[in-house]
Amino acid sequence: MNPEQGQVLGYTTSPSSPYYFTFIVNKESKVFEGDFVIVRDGEQLILGQIAKIYRRTFHSLDISLAVEKDFVEYRRSVVVAKVRVLGAIRDSERLESAFPVDFGLPVFKAPGDLIAKVAAGENVILAVQLGKIVGTDISIKLDLKRLLEGNILVAGAPGSGKTYTSALLAIQCARNFIPVVIFDMYAEYSALINKLLHLHKKEITIEVKTFSTFEKRNTELLRIDFTEIGPKFLQSFLGLTEIQAEALDNTLRELRMRGVGSPSFDDIYEILKEKKRFHPVARSTLLRKLERMHEMGLFKFEQSTPISHIIRPGKISIIELDRANFETIEMTISWIFNKIMASKDDNKEGVFLILENAHEFRKIIQKILRAGRKYRVSLCVVSDRIAELYELIGLCSNAFLHRILSRHDMEALERHFPIHPSVLKQLPNLRTGEAYIVGDVVTFPVIIRVG
Ligand SMILES: Nc1ncnc2c1ncn2[C@@H]1O[C@H](COP(=O)(O)OP(=O)(O)OP(=O)(O)O)[C@@H](O)[C@H]1O
Ligand SMILES: [Mg+2]
């Protein structure tokens, strides 16, 4: 196939470097910032993206005579496009471009398949399709393995398509036998995933199960034994001092030695009451805090739901937390993560977690984002308030950026992601369901229409 097809958009001119080139836009050509273009320079095909379009006076430009003639007759000034070089292709291999592009060469619109191929990079091990490159009919094949090696940010203004994108990611993982757990704050995933699966009737391998921390129709009750939440988390969650945390830890150990693996509130209460070495004020504070947990229903379950019911290859477990309070949500996330850490060797395929409203749970997600790689956990952080995630954005290696309107969010993205200004400029204009993919799964950011 000859990629240089269709209308000539213009001709290259000065200045040019291995990273940028400019071309004079033909009078009748319609070009926009963000458009992908190609130019052949000798053996190499150079793929670039228009970063800036501006007007310059004609005399200041150095162009070949043939082109010059054309322009002198009609205009005193010309429209010039500055193009960022994304890569050079030679014998269908992508190379870093080392030479400035020559002058006077015709520039064409880049074909979709070339963009998709170069963007996805080489050696895609497990290709998944999440959508088509905007303006083309070409799907980009992303490497799921590479995507799940790090954490993912799915961000965008309310209603821009974050949940839809995350649901598709969940399906792609499950289809490839990677267990998925979704922390669903608005109880919206179950219907959405079933709808999306319905579109692909052939898929019988994916199992979808909905859990809830409360008794709720069409869901299985998620049972959490609070002693499995982990002492460190309990300490910070209950706001315990070192002494209180130690006393609680000793109590639990004592109960374990007595053969009470999953103690009730009364078991703990009895033992703590007897602890004479413990200062009475500190003891009553701790007991008060435990009573609060008791009121929240945290001592209710003596036996947790087996983690193997929740985390299983090919299964999407949706945990509906629409009626849960903040503490219960944090505790549920923490319990799942502790269970994953404990069963590390069983999760050879890794685990994909999706967390909506991530900015509200910074403390707990920081732990997962940092330690996830060790336990083969990839966390998908979904949020419409990127700025509130602060430095946690930097712990995500890839992002699906939907429409973003807030200045603060853009600044936060710019600080933590190597996003080109021309990409940032386009974020407010994305339509619902369109997303920029940025990060190490692509060689350069591309906009896709998710679906
Ligand atoms: N790629 C898509 N293809 C088709 N419809 C889509 C797509 N993305 C989103 N939609 C539709 O647009 C609407 C908003 O999408 P979605 O709920 O995913 O947005 P959101 O960013 O998660 O919103 P919120 O901030 O309210 O959580 C929904 O009705 C959804 O079905
Ligand atoms: Mg949503």
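Going by the structure above, here's the rest.
Notes on the structure follow. As the structure is a computational prediction, the values presented were derived from the model and not from experiment.

1. Some words on the overall build of the protein
No. 1: Counting secondary structure elements, the protein contains 14 helices and 19 strands.
No. 2: Along the three orthogonal principal directions, the C-alpha set of the protein runs to about 100 × 50 × 35 Å.
No. 3: Residues classed as buried in the protein amount to 40% of the 451 residues present.

2. Observations concerning the site of ligand 1
No. 1: Surrounding ligand 1, one finds 13 residues, the nearest of these being G161, K162, T163, Y164 and G433.
No. 2: With 3 residues, helix α4 (residues 162-175) is the single largest residue contributor to the shell around ligand 1.
No. 3: Grouping the constituent residues of the shell around ligand 1 by class yields 3 nonpolar, 8 polar and 2 charged.

3. Examining the sheet that holds strand β14 (residues 315-320)
No. 1: Taken in spatial order, the 12 strands of this open sheet run β9-β8-β19-β18-β17-β10-β16-β15-β11-β14-β12-β13, and their pairing is mixed. Only two strands of the sheet have a single neighbouring strand rather than two, namely β9 (139-143) and β13 (220-221).
No. 2: Lying on the sheet, helix α12 (residues 362-371) is in contact with β10 (151-155), β15 (351-355) and β16 (377-383); it crosses β16 at an angle near 140°.

4. Side note on the environment of I364
No. 1: In this structure, I364 sits in helix α12.
No. 2: Here I364 falls in the buried class, since 21 other C-beta atoms lie within 10 Å of it.
No. 3: Spatially, the C-alpha atoms of I364 and G112 are 41 Å apart, while their sequence positions differ by 252 residues.
No. 4: Not counting chain neighbours up to four residues away, the residues in contact with I364 comprise E330, I333 and S334.

5. As for the nonpolar core
No. 1: Ranked by size, the top nonpolar core spans 120 residues in total, and within it A170, I182, L355, I365, C380, V381 and V446 carry the most contacts.
No. 2: In this view, C380 contacts I152, V154, S166, L169, F352, L353, I354 and L355; residues no more than four positions away in its chain are not counted.

6. Some remarks on the packing of helix α7 (residues 242-257) against helix α8 (residues 265-274)
No. 1: Contact pair α7 / α8: the axes reach a minimum separation of 10 Å and the direction vectors enclose 115°. As summarised for this structure, α7 and α8 are arranged roughly perpendicular, according to the angle between their axes. In the crossing of α7 with α8, the sense of the turn from one axis to the other is right-handed. Here A247, T251, E254 and L255 of α7 lie close against α8, whose contacting residues are D267, I268, I271 and L272.
No. 2: By residue class, the composition of the contact of α7 with α8 is 5 nonpolar, 1 polar and 2 charged.

7. Focus on the environment of I138
No. 1: Inspection of the secondary structure assignment puts I138 in the loop between β8 (127-133) and β9.
No. 2: Taking the number of C-beta atoms within 10 Å as the measure of exposure, I138 has 16 and is therefore partly exposed.
No. 3: Remark: the alpha-carbon pair of I138 and D113, spanning 25 residues in sequence, is separated by 5.9 Å.
No. 4: Leaving out residues up to four positions away in the same chain, I138 has contacts with G112, D113, A116, K132 and I133.

8. Concerning the environment of T136
No. 1: In this fold, T136 is placed in the loop between β8 and β9.
No. 2: Residue class for T136 comes out partly exposed when judged on the 18 C-beta atoms lying within 10 Å of it.
No. 3: Between the alpha carbons of T136 and D267 there is a distance of 65 Å; along the sequence they are 131 residues apart.

9. A word on α4
No. 1: With 14 residues, α4 should reach 20 Å at 1.5 Å per residue; the first-to-last C-alpha distance of 20 Å fits that figure.
No. 2: When α4 is considered as a whole, its buried residues turn out to be K162, T163, T165, S166, A167, L168, L169, A170, I171, Q172, C173 and A174.
No. 3: Among the residues trailing α4, F177 stands out with phi positive, at a value near 65°.

10. Section: the pairing of strand β5 (residues 77-90)
Along a regular strand, successive side chains alternate from one face of the sheet to the other.
No. 1: Strand direction decides the pairing type here: strand β2 (residues 20-25) and β5, joined by 5 bridges, are antiparallel. Among the inter-strand pairings, T22 is bridged to a residue of β5, identified as K82.
No. 2: When strand β4 (residues 44-57) meets β5, the two strands line up antiparallel, connected through 12 bridges. Across the sheet, I46 pairs through a bridge with A88, a residue of β5.
No. 3: As paired elements, β5 and strand β6 (residues 93-95) share 3 bridges and run antiparallel to each other. Paired with I89 across the bridge in β6 is R94.

11. Brief notes about the packing of α4 against helix α5 (residues 189-199)
No. 1: Taken N-terminus to C-terminus, the directions of α4 and α5 make an angle of 60°; their axes are 10 Å apart at the nearest point. The angle between α4 and α5 falls in the class oblique. When the axes of α4 and α5 are compared, the crossing they make is right-handed. Judged by residue contacts, T163, A167, L168, A170 and I171 of α4 engage Y189, L192, I193, L196 and L197 from α5.
No. 2: Looking at the contact of α4 with α5, its residues break down into 9 nonpolar, 1 polar and no charged.

Cut-offs applied
- Residues numbered from 1 in each chain as written.
- Chains lettered and ligands numbered in written order.
- Predicted model: local features only at pLDDT ≥ 70, side-chain atom pairs only at ≥ 80, totals over all residues.
- Helix = DSSP H or I, 4+ residues; strand = E, 2+ residues; numbered from the N terminus.
- Buried ≥ 20, exposed ≤ 12 C-beta atoms within 10 Å, placed from the backbone.
- Near = placed C-beta within 6 Å.
- Nonpolar A, V, L, I, M, F, W, Y, C, P; charged D, E, K, R; others polar.
- Pairing = 2+ DSSP bridges.
- Contact = placed C-beta atoms within 7 Å.
- Axes fitted to C-alpha atoms, helices over the stretch in contact; angles between N-to-C directions.
- Core = buried A, V, L, I, M, F, W, Y, C linked by C-beta atoms within 7 Å.
- Parallel < 35°, antiparallel > 145°, perpendicular 65-115°, else oblique.
- Left-handed = near helix turned anticlockwise from the far one by under 90°.
- Expected span 1.5 Å × (residues − 1).

Everything listed here is a matter of coordinates, which is why it stays silent on function.
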